[in-house]
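Chain by chain, the residues run as shown.
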Amino acid sequence: MFGFGLTISALMLYYITSWRTVFTILAILLVICTLVVGKFLPESPFFFAGKGEMTLALESLKKISDINRVKLPSGLVIANNTPTPTAEKMESISEILYVSFKTKMSVLGLFEVFFTNTLLLYCLSYHVSAVPGDVFVNSAMMGISSLPAYYWLYRSGDKYGRRKCLISFYCLTITCLFVAWCDTQGTPLIGPITVQLVCFVTARSCMLAVSSLMYLYTSEVFPSSARSGLVGISSMIARGGGILSSYVLILDSHNPSLVYLICIVSGSIALSLLTLLPDTTGRKLPETFAECDELLSGRATVVTRKI
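Caption draft 1: Main features of the overall build of the protein chain. Across its full length, the protein chain carries 11 helices and 2 strands. The secondary structure elements of the protein chain, listed N-terminal to C-terminal, are α-α-α-α-α-α-α-β-β-α-α-α-α. When each of the 307 residues of the protein chain is scored for burial, the buried share is 40%. Here the analysis covers contacts within the protein chain between residues at least 6 apart in sequence; of these, 72% occur between residues at least 24 apart. Within the structure as shown, the protein chain displays about 17,500 Å² of accessible surface, and the carbon and sulfur contribution to it stands at 68%.

Caption draft 2: Representation of the packing of aromatic side chains in the model. Under the criterion given, the structure shown has 4 aromatic pairs. Ring geometry for F111 against F222: centres 6.4 Å apart, planes inclined by 50°, an arrangement best described as tilted. Remark: F222 occurs in the loop between helix 8 (195-221) and helix 9 (227-248) and F111 occurs in helix 5 (residues 101-126); sequence separation between them is 111 residues. Each member of the pair F111 and F222 is classed as buried.

Caption draft 3: Region of the structure containing the pattern of salt bridges. Considering all chains together, one arrives at 1 salt bridge under this definition. With a shortest N-O distance of 2.9 Å, E220 and R162 are connected by a salt bridge. One end of the pair, E220, is in helix 8; the other, R162, is in helix 7 (residues 162-182), and 58 residues separate them in sequence. The exposure classification of E220 matches that of R162, with both residues buried.

Caption draft 4: Up close: the side chain of D279. Among the secondary structure elements, D279 is positioned in the loop between helix 10 (257-274) and helix 11 (289-296). Lacking a salt bridge, the buried D279 has R163 as its closest oppositely charged neighbour, with an N-O distance of 5.0 Å. Not counting residues within four places of it along the chain, the set of residues in contact with D279 comprises Y160, G161, R162, R163, K164 and L295.

Caption draft 5: Seen up close, the packing of helix 7 against helix 10. Two elements in contact, helix 7 and helix 10, have axes whose closest approach is 9 Å; the angle formed by their N-to-C orientations is 160°. As far as their axial angle goes, helix 10 and helix 7 are roughly antiparallel. Seen along the crossing, helix 7 lies across helix 10 with a hand that is left-handed. Every residue of helix 10 that contacts helix 7 at R163, L166, I167, Y170, C171, I174, L177, F178, A180 and W181 is listed here: S257, Y260, L261, C263, I264, G267, S268, A270, L271 and L274. Looking at side-chain class alone, the contact of helix 7 with helix 10 contains 16 nonpolar, 3 polar and 1 charged residues.

Caption draft 6: Summary view of a nonpolar patch on the surface. Where nonpolar side chains cluster on the molecular surface, the patch consists of W19, F23, L26, I28, L29, I32, V36 and F40 and spans about 850 Å² of accessible area. Note that L29 resides in helix 2 (residues 19-40).

Caption draft 7: Main features of helix 4 (residues 54-67). Over its 14 residues, helix 4 runs 20 Å from end to end, which matches the ideal 20 Å to within 8%, given 1.5 Å per residue. Listing the buried residues of helix 4 in full gives M54, A57, L58, S60 and S65. Along the axis of helix 4, the buried positions cluster into a sector of 160°, meaning they face one direction only. Residues K63, D66 and I67 are exposed on helix 4 and point more than 90 degrees away from its buried face. Those residues of helix 4 hidden inside the fold are in contact with helix 3 (45-50). Where helix 4 terminates, the next one or two residues include R69, which has phi positive at roughly 60°.

Caption draft 8: Molecular detail of the confidence of the model for the protein chain. Predicted confidence across the protein chain gives a mean pLDDT of 78, with 84% of residues reaching 70 or more. No element of the protein chain has a lower mean pLDDT than strand 1 (residues 188-190), which averages 66, and none a higher one than helix 7, which averages 89. Of the regions scoring below 50 in pLDDT, residues 79-90 engages in 9 contacts with residues more than four places distant in sequence or in other chains.

Caption draft 9: Here's a closer look at the environment of A270. Tracing the backbone through its elements, the reader meets A270 in helix 10. Linking A270 and I167, residues 103 residues apart in sequence, is a C-alpha distance of 9.2 Å. If we ignore the near neighbours within four places in the chain, the residues touching A270 are E112, V113, T116 and Y170.

Definitions and limits used
Residues numbered from 1 in each chain as written. Predicted model: local features only at pLDDT ≥ 70, side-chain atom pairs only at ≥ 80, totals over all residues. Heavy atoms only, no water. Helix = DSSP H or I, 4+ residues; strand = E, 2+ residues; numbered from the N terminus. Buried < 20%, exposed > 50% of the residue type's maximum accessible area, 1.4 Å probe, protein only. Contact = heavy atoms within 4.5 Å. Areas by Shrake-Rupley, 256 points an atom, 1.4 Å probe, with all protein chains shown as cover. Phe/Tyr/Trp six-rings, centres within 6.5 Å; stacked < 30°, edge-to-face > 60°. Salt bridge = Lys/Arg side-chain N within 4 Å of Asp/Glu carboxyl O. Lys, Arg positive; Asp, Glu negative; His and termini not counted. Axes fitted to C-alpha atoms, helices over the stretch in contact; angles between N-to-C directions. Parallel < 35°, antiparallel > 145°, perpendicular 65-115°, else oblique. Left-handed = near helix turned anticlockwise from the far one by under 90°. Nonpolar A, V, L, I, M, F, W, Y, C, P; charged D, E, K, R; others polar. Patch = residues over 30% accessible without salt bridge, like charges linked within 9 Å, V, L, I, M, F, W, Y side chains within 5 Å. Expected span 1.5 Å × (residues − 1). Arc of directions from axis to C-beta. pLDDT = per-residue confidence, 0-100.

Put into structure tokens, the structure is as follows:
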């Protein structure tokens with residue numbers, strides 16, 4: 001859907017010159033989205049369970065199962081007196097300070113991959129104006145090209161594993177950036193489409209797919225007891241890459257090829273770190289920091305599960 005949105009927004013800005021009209025259309029779409037989400041999107045069962053409202057949690061769980069067209073397992077009973085997670089069972093995010101050194105380095109590496117992904121994604125998004133061709137047409141091509149990347153992600157994420165998919169996307173991104181860096185003159189392919197443009201939109205689409213997959217991969221690495229907090233920290237660190245990208249693009253006025261070089265180097269560092277991280281496909285999701293330590297240290301037992 002992100003690809004569709006990018007394509008439609010680029011074409012809309014190409015044909016509609018009045019910014020007031022554009023803002024009016026966007027405001028109407030936001031109101032529609034708000035009404036749809038409020039009406040049809042159920043609240044999280046975990047949220048209700050954490051507040052002790054087990055009846056509402058079960059109702060929300062049934063709504064989710066109906067949306068996904070699956071049947072809840074028989075014998076599933078949630079009573080009002082069901083005990084909620086206690087302080088003894090719940091772990092603080094600070095518990096990560098007591099895991100092994102290798103696990104700490106793996107977590108820092110995961111944060112760096114998140115940071116680099118956002119840096120590359122925003123650098124390539126902002127750099128579209130420096131690529132030969134019309135900026136609106138190029139933006140529309142970026143949106144269209146992201147659809148095959150999402151399809152490949154959907155088809156291969158479970159089959160080949162999250163980490164392998166991330167590595168393949170980063171390898172393709174680095175290769176495309178290197179070719180675009182070498183093709184500074186913009187060798188024409190078909191009409192206004194150049195080699196540099198094709199490599200550019202391919203690399204950007206790969207980073208967009210990585211951005212989606214990183215949230216799934218990170219949530220499978222961190223333990224259930226502190227998953228939401230640590231994923232939030234990862235997202236916060238990723239915003240730093242977005243902030244830095246605006247300063248990297250200052251180089252466009254001096255030497256545009258330096259942007260490609262910075263992206264290649266940072267992407268290569270993230271790729272090397274990904275090779276050291278474990279794959280989560282087919283493994284039991286960690287519930288505690290001890291189990292997370294086993295997973296990141298490579299000691300976790302493989303458990304075949306339906307995915």
